[in-house]
Amino acid sequence: MAEDRLRILKMLEEHEITVDEAERLLVAGSASAAPEDSGLEASAPPPRPPRAPTPPFVSVRPTPPTPPTPPTPPTPPVPRRERALPDGWDIRTSELLAELAPFGVESLSRGELEELRVHGVKPAFIRQLREAGLSELRVREIVELAIHDIRPADVGRYRELFPDIPVREIVQFGIHDVRPAYVAELRGQFADLSAQDVIQFAIHEIRASYIARIRQLLPDMDLRDVLQFGIHDVEPEFVAALRGRFPDLTAREVVGLAVHGADEDLVVRMLEALPDLSVRDITAFVVHDVEPERAAALRAHFPDITAREVVALSDHDVEPSYVAAVREVFPDISVRHLVGLADHDADPAELARWRTESPDLSVRGAFKRLENG
């Protein structure tokens, strides 16, 4: 046992086995040793195969040192982008105040100065407004005149046409693109035209040429009539067609038709169905959605029916066939009673049976029966 142990240790010392292998061999030797009095010889462990020689150590050449990195040159600064300033931004505050002084402006707030510069208000513009006759202006009004591209020369023309025109109306002229030439053309049609009238005409795009054409057809038109024509897009051709059928046509009647959407085609259909209709009758039919064919059918069953009665029957959904059936029972029935029977859901067949049973039954009697169930 001792010899085996020495041999294992020598093998370990000569690196023929590892430490773990040596420990396993020593443990195995201890376990397999027989007692001294057994008379048996301990069996030696089988010889281990020779260990492959360890390859010679190859030294690695050292890595050469990395050369130092040269310093990075500083990045040149990016030039700042200059803000595009509006024309007039570089004007001195003192120059603006010098021109504003005649208007009583002694100082400018930061906001007022900003607005003047943002909208490019130059001292010359302020001076020209004063020379055009505007004697009392606030900074905000000057800015509004500049925003809406009011030219000082135009201001002088406006004041020639309307000596007392306030600044707010001049601003409205700019908003709606009213130029002095447009005002002069309108004043050629209506000499007493006010600045507010001009603004309303401009809003609805009423041109002087349009007014001239309309007034040839309706010479008695006033400002209000022309404005209503413009608001409701009344075409001169529509007026001409109506005048051909109604020589005494008035502007108010034309507006009444136009307001409710009547056009030339509908008017022609109405007159073909009922040739004796007036403009007022046609307007009533249009307002109450009475179709020309319905009106003609009611007239066929009720020859003396008026336009107002046609409207009444139409409003109560009384069909021409119902009128014809009831008139067979009561030939002399009025439109008012026809409407009453329709409202009571009177059945013409039942009315006829009642009349057969009681030949003297009147319309009023029929109403009583309907009311009593």
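Residues numbered from 1 in each chain as written. Predicted model: local features only at pLDDT ≥ 70, side-chain atom pairs only at ≥ 80, totals over all residues. Heavy atoms only, no water.

K.L.:
A description of the overall build of the chain should follow, citing residues and the corresponding values.
P.N.:
Within the chain, the secondary structure is distributed over 22 helices and 0 strands. Burial analysis of the chain (373 residues in total) assigns 35% to the buried set. Taking the intrachain contacts of the chain between residues at least 6 apart in sequence as the baseline, contacts between residues at least 24 apart amount to 51%. Accessible area of the chain: about 24300 Å², with a carbon and sulfur share of 51%. (Helix = DSSP H or I, 4+ residues; strand = E, 2+ residues; numbered from the N terminus. Buried < 20%, exposed > 50% of the residue type's maximum accessible area, 1.4 Å probe, protein only. Contact = heavy atoms within 4.5 Å. Areas by Shrake-Rupley, 256 points an atom, 1.4 Å probe, with all protein chains shown as cover.)

K.L.:
So what's going on with the packing of helix H19 (residues 320-329) against helix H21 (residues 348-357)? Residues and values would help.
P.N.:
Contact geometry for H19 and H21: axes closest at 9 Å, N-to-C directions at 5°. Here H19 is positioned roughly parallel relative to H21, judged by the angle of their axes. From H19, Tyr322, Ala325, Val326 and Val329 reach across to H21, where they touch Pro348, Leu351, Ala352 and Arg355. Classifying every residue of the contact of H19 with H21 by side-chain character gives 7 nonpolar, no polar and 1 charged. (Axes fitted to C-alpha atoms, helices over the stretch in contact; angles between N-to-C directions. Parallel < 35°, antiparallel > 145°, perpendicular 65-115°, else oblique. Nonpolar A, V, L, I, M, F, W, Y, C, P; charged D, E, K, R; others polar.)

K.L.:
Explain helix H13 (residues 236-245) to me, and be specific about the residues and the numbers.
P.N.:
Those residues of H13 lying buried are Pro236, Phe238, Val239 and Leu242. Buried residues in H13, looked at end-on, bunch into an arc of 155°, giving them a common side. On its buried side, H13 packs onto helix H11 (208-217), helix H12 (223-231), helix H14 (251-259) and helix H15 (264-273). (Arc of directions from axis to C-beta.)

K.L.:
Can you tell me about the nonpolar core, naming the residues and giving the values?
P.N.:
Within the largest apolar cluster, 100 residues are counted, with the highest numbers of intra-cluster contacts made by Leu145, Phe173, Phe201, Phe229 and Phe285. Not counting residues up to four positions away in its chain, the partners in contact with Phe229 are Tyr210, Ile214, Leu218, Met221, Val234, Val239, Ala251, Val254 and Val255. Within the second largest apolar cluster, 5 residues are counted, among which are Ile8, Met11, Ile17 and Ala22. (Core = buried A, V, L, I, M, F, W, Y, C linked by side-chain atoms within 4.5 Å.)

K.L.:
Kindly report on the packing of helix H17 (residues 292-301) against helix H18 (residues 307-315), identifying the contributing residues and their values.
P.N.:
Each packed pair of helices is defined by two parameters, the angle between the axes and the distance between the axes. In contact at an axis separation of 10 Å, H17 and H18 are set at 110° when each is read in the N-to-C sense. The orientation of H17 with respect to H18, classified from their angle, is roughly perpendicular. Seen from H17, the contacting residues are Arg294, Ala295 and Leu298; seen from H18, they are Val310, Leu313 and Ser314. In terms of residue class, the contact of H17 with H18 is made up of 4 nonpolar, 1 polar and 1 charged.

K.L.:
Which residues make up the pattern of salt bridges, and what values go with them?
P.N.:
For the structure shown, the criterion picks out 18 salt bridges. Among the ionic pairs, Glu141 bridges to Arg138, the shortest N-O distance being 3.3 Å. Judged by relative accessible area, which is 57%, Arg138 ranks as exposed. With a shortest N-O distance of 3.8 Å, Asp149 and Arg179 are connected by a salt bridge. In this pair, Asp149 sits in the loop between helix H6 (139-147) and helix H7 (152-161) while Arg179 sits in the loop between helix H8 (167-175) and helix H9 (180-189), placing the two residues 30 residues apart along the sequence. You can call Asp149 partly exposed: its relative accessible area is 47%. (Salt bridge = Lys/Arg side-chain N within 4 Å of Asp/Glu carboxyl O.)

K.L.:
How would you summarise the environment of Gln189 if you had to cite specific residues and measurements?
P.N.:
Within the secondary structure, Gln189 sits in helix H9. Sequence-distant contacts of Gln189, that is, excluding residues within four places in its chain, are made with Ala208, Ile211, Ala212 and Arg215.

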